[in-house]
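Commentary on secondary and tertiary structure
So the chains spell out like this:
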Amino acid sequence: DRSERSDRSDEFEKSDRSDQMRKGPMTRRRPRAAASNSPIANVAMVLEELGVARHFVGIFAQGPDMVGKPDPTILFAAADSMGVPRDRCVVLEDSASGFRCAENANMPYVVITCGADPDCLGQARKARAFHRDYTTLTVEELELYVNGRG
């Protein structure tokens, strides 16, 4: 049954991504916000299930009061919620609309390839880096991107 396969896949991905987020930049104290084209209830649920929701100061999603990606408004709202100047943010993305959104916002971005559609990765022309997952990404590397050295 298709739904059973999907459920098992979701469990594997949830466990895998939860470990990735706990071992990656999430372990360092830096402000962070989530910006997604998914419904806000889904974004909040995923962050809760991964056990990382407490690390986010803001969660933003496309909806009646928020334009979705690739419009940069959602990233501007995320930056503002963190109290971080927009030019001091780094976006972690895995979708073509997200790549364009970061470019439209003039924010550096890193592509997370795990879970991304392989056909859209070529659209990340201005990406600072490509990482399979969060475990290989360091805060020091992100700081290089913000400072224009990466």
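Up top you'll find the structure we're talking about.
Structural notes, computed from the coordinates.

Conventions adopted
- Residues numbered from 1 in each chain as written.
- Predicted model: local features only at pLDDT ≥ 70, side-chain atom pairs only at ≥ 80, totals over all residues.
- Heavy atoms only, no water.
- Helix = DSSP H or I, 4+ residues; strand = E, 2+ residues; numbered from the N terminus.
- Buried < 20%, exposed > 50% of the residue type's maximum accessible area, 1.4 Å probe, protein only.
- Contact = heavy atoms within 4.5 Å.

**Focus: unusual backbone geometry**
Each neighbour pair has its own omega, and for Lys69 with Pro70 the value is 15°, a cis peptide bond. On the secondary structure map, Pro70 appears in the loop between strand E2 (58–61) and helix H3 (73–82). One non-glycine residue, Asn106, lies in positive phi territory at about 60°. In this structure, Asn106 sits in the loop between helix H4 (96–104) and strand E4 (109–112).

**Describing H3**
Since the α-helix advances by 3.6 residues per turn, residues separated by three or four positions end up pointing in the same direction. Burial in H3 covers these residues: Ile74, Leu75, Ala77, Ala78, Ala79 and Met82. The elements touched by buried residues of H3 are strand E1 (33–36), E2, strand E3 (91–93) and H4. Following H3 by one or two positions, Gly83 has its phi on the positive side, about 70°.

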